[in-house]
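Read off the chains here:
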Amino acid sequence: SSQNSDSVSLFKNGERACPPQLIPKNLLGKTLFPSFTFKNLTFHFNFGPVPLAALPFKCRMLQEATAEHVSVKPQPQKPKDGKHHVLFPVCLPNEGTFDWLDLFLESNKQYTELSDRVILEWAEKSGLPRPKGYGTKTSNDKPEMGFGVPMLDDGSIRRVIQAVAPIQQRNYVIMEVKSNLLKEERKEQLAKWGACGFKRTAAVMLGEPPGLFKQRSQELALKAKQEVADAEFATKRAEEKRQKLIVKRQKQLEREKKKAEKIAKKKQEALKMKLEFERRKREAAAKGETLEEEKTEEKPEEKESEEEEPDDQEMEDVEGKPPKVELTADEKKQWFRKQAAPDLVPYVMSTTFTKFSAPTLDEGFDDISFEWYPAESCQDYMKQWVRDRKLTTRVEDLQPSDWFMNKLKDWQKILQSWHQKQNQYKALVSKKAAEAASKVAVRDAEMKKKEAASKAIVESKTKEAAEKRAEGDEEAAKKAEEEKDTEEKRRALEIEEDDRKKEEAEKEEEPAVDFDRLDVFGVEDILDIGGGQPIFSAFALEDWTILGLRFEIHLLAHAFRRDVNDPDRAGIHAEHLAFYYNKYYKKTLTAKMFGVETIKELLDFIKDTVIISGKNQVVQPLLPDDMESLGVFAMLTEEARRDRTRRVDLGDESARLKLATGPAAGVSMVTAAAGAVRFGVPTAVGTGAAVVRPAATPGAWQAGGAASWQRPMTANGVGAAYRPPTSYPAAGYPRPGWPQFGR
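Just so we're clear, the structure is a prediction, and the values are computed from it rather than from any experiment.

1. Concerning the sheet that holds strand β5 (residues 85-91)
The 5 strands are arranged β6-β7-β5-β8-β9 in an open sheet whose pairing can be described as parallel. Either end of the sheet is taken by a strand with one partner, and the two such strands are β6 (111-114) and β9 (367-370). Each neighbouring strand pair of the sheet contributes to a mean axis angle of 25°, computed without reference to strand direction. Sheet topology places β5 next to strand β8 (residues 199-205); 7 bridges connect them, and they run parallel. Along β8, the bridge assignment pairs V90 with V204.

See below:
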């Protein structure tokens, strides 16, 4: 055979233009479609029967090729109605789109697929290298090319195919998942094919697929699951083999080490014997004697008792066969299989799915076939699908409104004033303590001085009485004793009076209110529950942090409902809370920063303000968005602090907050220094604060069960008592009642 077999050569006018190029191994024996790219020249192709110029070797022209050397494609039959068809599949993302297409093309080979997916397949069959490989892609509808070839990466090839295809009379399938679901883009596509004489048909696949499709979907799902299991099995076996090789190598090194030690020991003994012989030889020479060297018999080497392990057998045991997998009962119930890549990337999905619609004839279609559900059922299925996705899909282009920004600024001013009030109260307490300590010190000094003077008088009179009695002056001695007794009685009365004054001073120093026994929701003024003490006087860093979190999530839940302005979106899905938190507050919300693992655990800290309700796990606020005062958030935080403290005192360590601190915690976690900005609060200047005053008697809201858990309140005593309603007309959806917490 020729040395240039299995290669492609280029000749120009009978002269070789380049060295032979080997055909890639994956293309050997397959049908090849030679192509020629040219610009600004005329190209003539000679099919035969003889070459136009003599070649240095003999070869058959294409016209003389035998049947075994060519692939003859039969002439496509002309359509019965004289028109070729262009088919637009309409299917919801991740609901059997490309699986249906593969089934359709298997039974309708006269159709040609036009999609980005097929462009990748053509590139792979042509042997075009793709740095990331052909197994990775971000979506099925619009996979990134990533060839490093501008004409492919920038979509030029796609545009050329879309421009050329209408002038080629054949049947096409236009597989565009997103475009075929959007009315405007469908009209744009139809306009390209209308003037070329094609029959434009929409194939709608919505709802429950037929049994044949389900069977195919399960087969593909089982195949994919088996491939994953095989890969895991191979990885596991490779790791076991590697570990066995490591053990084998370690044992070999141990044997070599022992052998080297034996050799070294033998050499050392031989050297020792030689030195001993030399010493004895010198001693014998000094005596005039001759010492002959003793011959030592070499001991035969002991055979190693360690038996060689059957390594080959071990390696065979490691290989094995991968286990066979089966679909679970839940997987068998699924209509559609889950593929490695989604049909649409998340951003495209979230920004377009609300506009999805089923096609209609007035858009320009010549015919519409509903493959799975009838037309009316397809419309209902589409609407329900969109409603369901609204609850679980993020709104990527949502922006905070002015209402949110104004509410946030008001909160920042109030919170700043609360920090100032706490600092002022702490300074006042410190000042009073210092003054009281000073008074006690002065009083103690005076008492000591008086006590010393009184003691001196008593001692003097006692001495005087003794001297007079010794001189025989009994009358003078009695007088001195009477004066001593008088001084002692006076001192006792003085001490009694001092104790009385001390008790009165201590009573004056007692706080105006018993803070530990105070009913949080029965105070008249959160900034002054008595003696100028605010309700948040005992707040530490973790309490201010939870207070900020409580209001921010409350405000975020209401702002989302207002800004999205869609009755189908009942609220924020719990999985998307961190996303919207970052979008509105421009910072991250991390559950681990609060010592928990999930957002649901994080929201348990503020379950008196928001809850996760419904099967769709939607975050719903428990407080209205139009409160005149924000003092209720301080009340709730103080109540939660007390409950947490009681639980910790009883030995429940799970109640202790474990907030992250240090640089790893991020900018939101700040020190608890006086006047410092707290969690989620930029620096703001403001004075004064609206105050919430509960109108009910302490403990009244607890009686009667859940029906009475709504807490009455007024703002600074102005207006009637306020109770949060169970539903809000502006929102259009019911709110659950207040859950009981920490009481």
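Structure's up, so let's keep going.
2. Notes on the sheet that holds strand β12 (residues 618-621)
Strand order in the open sheet formed by 3 strands is β10-β12-β11, and the pairing between neighbours is antiparallel. Edge positions in the sheet fall to β10 (572-573) and β11 (610-613), since each has one partner strand and no second. Two strands pair when backbone bridges link them, and β11 and β12 are joined in this way by 4 bridges, in the antiparallel orientation. Residue S613 lies in a different strand from β12, and its bridge partner there is V618.

3. Remarks on the packing of aromatic side chains
Following the criterion strictly, the structure yields 28 aromatic pairs and no others. Judged by centre distance (6.1 Å) and plane angle (65°), the ring pair of F213 and F336 falls under edge-to-face. Of this pair, F213 sits in helix α6 (residues 211-286) while F336 sits in the loop between α8 (329-333) and α9 (346-352), and the two are 123 residues apart along the sequence. For the ring pair W411 and W418, a centre distance of 5.8 Å and an interplane angle of 85° mean the geometry is edge-to-face. Accessibility expressed as a relative area gives 0% for W418, which makes it buried. Joined through ring pairs, the aromatic side chains of W411, W418, F536, F539, W544, F551 and F633 make up one cluster. Sitting over the face of the ring of F147, R130 holds its NZ or CZ atom 6.0 Å from the ring centroid. Above the ring of F515, the side-chain terminus of R642 is found at 4.8 Å from the ring centroid.

4. Points about the packing of helix α2 (residues 116-125) against helix α4 (residues 156-164)
Two elements in contact, α2 and α4, have axes separated by 11 Å at closest approach and are oriented at 110°. Classified by the angle between their axes, α2 and α4 sit roughly perpendicular to one another. On α4, the residues that touch D116, I119 and W122 of α2 are I157, R158 and I161. Looking at the contact of α2 with α4, its residues break down into 4 nonpolar, no polar and 2 charged.

5. Structural notes on α2
Here α2 has its buried residues at D116, R117, V118, I119, L120 and A123. Buried residues along α2 sit against α1 (97-107), β6, α3 (150-153) and α4.

Rules used in this analysis
Residues numbered from 1 in each chain as written. Predicted model: local features only at pLDDT ≥ 70, side-chain atom pairs only at ≥ 80, totals over all residues. Heavy atoms only, no water. Pairing = 2+ DSSP bridges. Helix = DSSP H or I, 4+ residues; strand = E, 2+ residues; numbered from the N terminus. Axes fitted to C-alpha atoms, helices over the stretch in contact; angles between N-to-C directions. Phe/Tyr/Trp six-rings, centres within 6.5 Å; stacked < 30°, edge-to-face > 60°. Buried < 20%, exposed > 50% of the residue type's maximum accessible area, 1.4 Å probe, protein only. Lys NZ or Arg CZ within 6 Å of the ring centre and 35° of its normal. Parallel < 35°, antiparallel > 145°, perpendicular 65-115°, else oblique. Contact = heavy atoms within 4.5 Å. Nonpolar A, V, L, I, M, F, W, Y, C, P; charged D, E, K, R; others polar.

No statement about biological role is implied by the geometric values presented.
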